[in-house]
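The residues making up each chain are set out below.
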Protein chains: 2
Amino acid sequence: MTRGTGGPTLAVVGATGAVGAVMLDLLSTRRNVYGEIRLVASPRSAGRTLTVRGEPVEVAALAPEVFDGVDIAMFGVPEAVSAEWAPVVTSRGAVVVDNSGAFRMVPDVPLVVPEVNPERVRRRPRGIVASPSCATLSMIVVLGALHRRYGLRELVVSSYQAASGAGQDGIDTLYEQMEKVGGDRALGNRAGDLRGAVGEFGPFPAPLALNVVPWAGEVRDGGWSSAELKIRDESRKVLGLPELRVTATCVRVPVVTAHSLSVHAVFKERVEQREAQAVLAASPGVVLCDNPAFQEFPTPADVVGTDPVWVGRVRRSLDDPKALDLFLCGDNLRNGAALNTAQVAELLAAELTA
Amino acid sequence: MTRGTGGPTLAVVGATGAVGAVMLDLLSTRRNVYGEIRLVASPRSAGRTLTVRGEPVEVAALAPEVFDGVDIAMFGVPEAVSAEWAPVVTSRGAVVVDNSGAFRMVPDVPLVVPEVNPERVRRRPRGIVASPSCATLSMIVVLGALHRRYGLRELVVSSYQAASGAGQDGIDTLYEQMEKVGGDRALGNRAGDLRGAVGEFGPFPAPLALNVVPWAGEVRDGGWSSAELKIRDESRKVLGLPELRVTATCVRVPVVTAHSLSVHAVFKERVEQREAQAVLAASPGVVLCDNPAFQEFPTPADVVGTDPVWVGRVRRSLDDPKALDLFLCGDNLRNGAALNTAQVAELLAAELTA
Ligand SMILES: NC(=O)c1ccc[n+]([C@@H]2O[C@H](COP(=O)([O-])OP(=O)(O)OC[C@H]3O[C@@H](n4cnc5c(N)ncnc54)[C@H](OP(=O)(O)O)[C@@H]3O)[C@@H](O)[C@H]2O)c1
Ligand SMILES: NC(=O)c1ccc[n+]([C@@H]2O[C@H](COP(=O)([O-])OP(=O)(O)OC[C@H]3O[C@@H](n4cnc5c(N)ncnc54)[C@H](OP(=O)(O)O)[C@@H]3O)[C@@H](O)[C@H]2O)c1
């Protein structure tokens, strides 16, 4: 338990996870708007001490009493835990900002990205505000800015998703595979060799080191993955475009943290490359990094650990003057999860203290 | 120098390279249709002995006399070397099958993929037949089959290209970076750390281990890369569809060998998932690997070293009944280079011995 300003009391649920670690980092580095901050995780972690705002705080096991007097709870826990516990926490009077997929598509739960639809945070009949999935978040601020200028009609997205999108287990698995594979020149040349060499696959359905895996999430009708449908459903909801045409193919790559997306976006109006670049450069939360002649384009290695989404390779399609192609990268734990949650919680904190 | 059947005399130019090594492997394992086989490379490699068809053959330095009596020459050398030497070799009476970008878009040089447009090999006024670039080759057999059924109108492609697409230098660079990075948990978490840790970037403009790099080739107008324009130009030429709408974004991934592509293809006619899968399963040179419920989809690790292109994740787009989304992998040195060259050379050999 730690005390800051006289602001609202905050609980961080899932403080020990991959997203939770970044939440604590953000709480320690952003403007301090909270009074007390409580850290919560599973009974496995109860009693551990973590640092937030420079002070040690003991982790409490998830239980109803932990939320007495809590105003805002940021959730970074598995979907099933959110589904069960968010109603418990709201019934005690706190507003929940949830990072999981449990509530994103529930009609009376707003799905909020402060750079795109901040006004939605105020209508929250259930006391729950949802944050989009990491892949959607990494592109939605860029698309929101372009949509305001050109009117979005269609998206074709291919992802390059990092291991940490599968949580701490994904991170550990990739490092362990990298350790086993190293610079071994016998690997990467014969079909199937990596299957024997990388050790455990962890949360991934195939080796990830020295490989790419065209799958994320669960199987849905028509051969789609749940991760692909999330990109479609969530983009439509955040942008307020229920008819938006969206196709996504989600692929996992051997990167620890930072998702990348290749985006083909078709608009109502004719686009111009320079103007689109200027729109993006002027957008809060976006960094334009786009000068291939000087080897300037975003890569995960240059983006990990930073707040904004980085966008580059902005081109007007050669066969369609109303379409843009671009490539973007965002830290999935930060830009794609903890930062958005923190920004939504700050909107709530401002409302509560107003 | 080695003697086989009484068939035509073959020269392999660039026998010591990444593509050349696979050419020799294919010559040693496919039906033996050649008489003598001569191996050629730069003066640096002259005198080295390589094995083909189980026999040692000494490498000759590239020189006009080497081609006396040669009927067919397979070229796997840099573009500038092809541009200079293909005319020298044809003037001595041999037909050149070239793997480089030097002649692909020259109007009176056919660009041939035996599964798609074998008839084109016969009209070769310059005595040169070109083979497409690896990224185009990995998708063109799949697209050719679907085009015959549904009529292709538009392509949106994002690539996941292997290090060996940049030749032996690319392979060496990735292994060296993997050696340096290994399972080091300090890497992959902070912006820029990999730049210091991976050592030389080799032919890549940024670290490749634990990263993805949205660039391949040289800078062209409008922010396009030459690799992206090749996919557009070559697809149009091989399919005989000069107006085909094509957009590509080329991205390098830390995979040694086997390119992957995420393809959104729009057709003239309505598509059906099962039927499209059946069309692909019945296509020579294509393996359908598409059952996500059983974790069946192609990955580079399962495809490297094999001849066909592997296709999976075949879905009908949710918002367009005339569009398919799919993911495919092909060994870029084999499926995407040496195999096509070998198949074209075999068409020529059959013609010469007919
Ligand atoms: N990773 C991403 O890129 C990303 C992006 C956007 C959204 N999300 C979502 O954010 C949530 C957390 O993801 P993550 O990647 O941080 O996962 P993670 O690394 O596996 O962390 C899970 C957290 O939830 C806690 N937890 C698990 N079971 C619990 C229980 N029964 N009761 C209380 N706490 C429990 C864990 O506590 P212990 O340490 O005590 O087990 C840990 O703090 C998920 O819903 C995920 O879908 C993740
Ligand atoms: N890698 C791919 O995925 C791929 C796919 C499709 C097409 N291609 C094309 O295939 C060609 C070869 O690519 P690669 O990846 O095999 O490159 P590589 O590994 O660098 O090999 C280059 C080959 O060319 C020879 N060579 C270089 N300069 C020469 C010269 N001045 N005279 C004679 N021989 C010379 C080299 O001989 P030494 O060993 O003696 O230097 C070596 O055998 C390139 O045009 C490339 O664009 C490559």
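Just so we're clear, the structure is a prediction, and the values are computed from it rather than from any experiment.

Rules of the game
Residue positions are given per chain, counted from 1 along the sequence in the order it is written. Each chain gets a letter, beginning with A, and each ligand a number, beginning with 1, in the order they are written. Confidence filtering applies because this is a predicted model: local features only for residues at pLDDT of at least 70, side-chain atom pairs given and counted only at 80 or more, and all residues used for totals across whole chains, interfaces and linings. As a rule here, side-chain values cover all heavy atoms of the structure and leave hydrogens and water aside. Proximity is defined per residue: any heavy atom of the residue falling within 4 Å of a molecule or strand makes that residue near it. Identification of polar contacts relies on pairs of N or O atoms within 3.5 Å, with a donor-acceptor requirement for protein atoms, meaning one able to donate a hydrogen and the other able to accept it, and with residues adjacent in sequence counted only if both atoms are side-chain atoms. In this description a helix means any DSSP run of H or I spanning at least four residues, a strand means any run of E spanning at least two, and both kinds are numbered starting from the N terminus. For this classification, Asp, Glu, Lys and Arg are treated as charged, while Ala, Val, Leu, Ile, Met, Phe, Trp, Tyr, Cys and Pro are nonpolar and the rest, including Gly, are polar. Reported domain spans reflect what an automatic or database domain assignment gives. Only one rule defines a salt bridge in this text: a Lys or Arg side-chain nitrogen within 4 Å of an Asp or Glu carboxyl oxygen. Each residue is assigned to one of three classes by its accessible area relative to the maximum for its type, calculated with a 1.4 Å probe on protein chains only: buried under 20%, partly exposed between the two thresholds, exposed over 50%. Note that accessible areas follow from Shrake-Rupley with a 1.4 Å probe, and for residues the cover is restricted to the protein chains shown. Paired strands, in this sense, are two strands between which DSSP finds at least two bridges. With axes taken as lines fitted to C-alpha atoms, and helix axes fitted only over the stretch in contact, angles between N-to-C directions fall between 0 and 180 degrees. Any helix carries an expected span of 1.5 Å times its number of residues minus one. It only takes one pair of heavy atoms within 4.5 Å for two residues to be counted as in contact. A 1.4 Å probe defines the accessible area here, and the buried area is the portion of it lost by two parts on being joined, summed over both. The atoms used to superpose the copies are C-alpha atoms, taken from residues with pLDDT of at least 70 in both, and the fit is least squares.

Regarding the site of ligand 1
Residues and elements named next belong to chain A.
Reasoning step 1: Around ligand 1 lies a shell of 28 residues, among which Thr16, Val19, Ser42, Ser45 and Val77 are the nearest.
Reasoning step 2: Measuring from an oxygen atom of ligand 1, one finds a backbone N or O atom of glycine 17 at 3.0 Å.
Reasoning step 3: At 2.6 Å, a side-chain N or O of serine 42 approaches an oxygen atom of ligand 1.
Reasoning step 4: Looking at the shell around ligand 1, the elements that each hand over two or more residues are helix H1 (18–29), helix H2 (79–91), helix H4 (167–181) and helix H9 (334–353).
Reasoning step 5: Residues that form the shell around ligand 1 fall into these classes: 11 nonpolar, 14 polar and 3 charged.
Reasoning step 6: When residues of the shell around ligand 1 are assigned to domains, at least three map to each of domain 1 (9–132 + 337–353) and domain 2 (136–332).

Considerations on the pattern of salt bridges
Reasoning step 1: Evaluation of the coordinates by the stated rule reveals 46 salt bridges over all chains.
Reasoning step 2: Of the charged contacts, one joins glutamate 269 of chain A and arginine 149 of chain A as a salt bridge, the two residues approaching to 3.5 Å between their closest N and O atoms. You can see glutamate 269 of chain A sitting in the loop between strand E10 (259–267) and helix H7 (273–281) and its partner arginine 149 of chain A sitting in helix H3 (residues 134–150), a full 120 residues away along the chain.
Reasoning step 3: Owing to a relative accessible area of 41%, glutamate 269 of chain A belongs among the partly exposed residues under this scheme.
Reasoning step 4: The partly exposed category is assigned to arginine 149 of chain A, whose relative accessible area is 33%.
Reasoning step 5: A salt bridge links glutamate 228 of chain B to arginine 313 of chain A, with the shortest nitrogen-to-oxygen separation between them at 2.7 Å. You can see glutamate 228 of chain B sitting in helix H6 (residues 226–239) and its partner arginine 313 of chain A sitting in strand E12 (residues 309–316), one on each of two chains. Judged on exposure class, the residue glutamate 228 of chain B and its partner arginine 313 of chain A are both buried.
Reasoning step 6: A single salt-bridge network, built from bridges that share partners, covers Asp25, Asp307 and Arg334 of chain A.

Some remarks on the side chain of aspartate 320 of chain B
Reasoning step 1: One can find aspartate 320 of chain B in the loop between strand E12 (309–316) and strand E13 (323–330).
Reasoning step 2: Among the residues examined, aspartate 320 of chain B registers a relative accessible area of 13% and is labelled buried.
Reasoning step 3: For aspartate 320 of chain B, the side chain forms a polar contact with the side chain of arginine 245 of chain A, separated by 3.3 Å.

Some remarks on the site of ligand 2
Residues and elements named next belong to chain B.
Reasoning step 1: Taken together, 28 residues form the shell around ligand 2, and within it Thr16, Val19, Ser42, Ser45 and Val77 come nearest.
Reasoning step 2: Within the backbone of glycine 17, an N or O atom sits 3.0 Å from an oxygen atom of ligand 2.
Reasoning step 3: Between ligand 2 and asparagine 332 there is a distance of 3.0 Å, counted from an oxygen atom to a side-chain nitrogen or oxygen.
Reasoning step 4: Taking 900 Å² as the accessible area of ligand 2 by itself, protein coverage stands at 80%.
Reasoning step 5: When contributions to the shell around ligand 2 are tallied by element, the ones reaching two or more residues are helix H1 (18–29), helix H2 (79–91), helix H4 (167–181) and helix H9 (334–353).

Brief notes about the sheet that holds strand E5 (residues 72–75) of chain B
All names here are of chain B.
Reasoning step 1: The strand order across the open sheet formed by 7 strands is E3-E4-E2-E1-E5-E6-E7, and the pairing between neighbours is mixed. Each of the sheet's edge strands pairs with one partner strand only, and the pair in question is strand E3 (49–52) and strand E7 (128–130). On average, each strand axis in the sheet is tilted by 30° relative to the strand beside it, whichever way the strands run.
Reasoning step 2: Bridging between strand E2 (residues 37–41) and strand E4 (residues 55–61) involves 3 bridges; their strand directions are parallel. Paired with valine 40 across the bridge in E4 is alanine 60.

A closer look at helix H6 (residues 226–239) of chain A
Reasoning step 1: Between its first and last C-alpha, H6 of chain A extends 20 Å over 14 residues, near the 20 Å set by a 1.5 Å rise per residue.
Reasoning step 2: Summarising burial for H6 of chain A: 12 of the 14 residues are buried, a large majority.
Reasoning step 3: Within the span of H6 of chain A, buried status applies to Ser226, Ala227, Glu228, Leu229, Ile231, Arg232, Glu234, Ser235, Arg236, Lys237, Val238 and Leu239 of chain A.
Reasoning step 4: Those residues of H6 of chain A that are buried lie in contact with H3, strand E8 (152–160) and strand E9 (245–249) of chain A together with E12 of chain B.
Reasoning step 5: Taken from the residues just after H6 of chain A, glycine 240 of chain A is the one with a positive phi, measuring 70°.

Some points on the interface of chain A and chain B
Reasoning step 1: Counting residues at the interface gives 81 residues for chain A and 81 residues for chain B.
Reasoning step 2: In terms of residues, the side of chain A that touches chain B owes the most to one element, H4 of chain A, which gives 7 residues.
Reasoning step 3: Residues that form the side of chain A that touches chain B fall into these classes: 39 nonpolar, 23 polar and 19 charged.

Re the domain arrangement of chain A
All names here are of chain A.
Reasoning step 1: Entries for chain A in the domain assignment read domain 1 (9–132 + 337–353) and domain 2 (136–332).
Reasoning step 2: Per-residue buried area on domain 1 facing domain 2 is highest for Met105, Glu115 and Val116; these three make up 32% of the total on that side.
Reasoning step 3: The tally of links between domain 1 and domain 2 comes to 1 salt bridge.
Reasoning step 4: Note that arginine 104 and glutamate 234 form a salt bridge whose closest N and O atoms lie 3.3 Å from each other.
Reasoning step 5: Linking domain 1 to domain 2 there are 5 residue pairs in polar contact (both at pLDDT 80 or more).
Reasoning step 6: For the side of domain 1 that touches domain 2, the secondary structure elements donating two or more residues are H1 and H9.

Notes on the relation of the copies chain A and chain B
Reasoning step 1: Its rotation angle being 180°, the transformation that places chain A on chain B also includes 0.0 Å of axial translation and leaves an RMSD of 0.0 Å. Within this description, the copies of the chain are treated as partners about a two-fold rotation axis. By C-alpha distance to the rotation axis, the residue of chain A lying nearest is glycine 182 of chain A, at 2.2 Å.
Reasoning step 2: When the interface residues of chain A are mapped onto chain B, 100% of them again lie at the interface, so the same face is used by both copies.

With respect to unusual backbone geometry
Reasoning step 1: With phi around 55°, glutamine 295 of chain A is a residue other than glycine that occupies positive phi space.
Reasoning step 2: Positive phi is not limited to glycine here, since arginine 313 of chain B has a value of about 55°.
Reasoning step 3: Judged by relative accessible area, arginine 313 of chain B falls into the buried class, the value being 0%.

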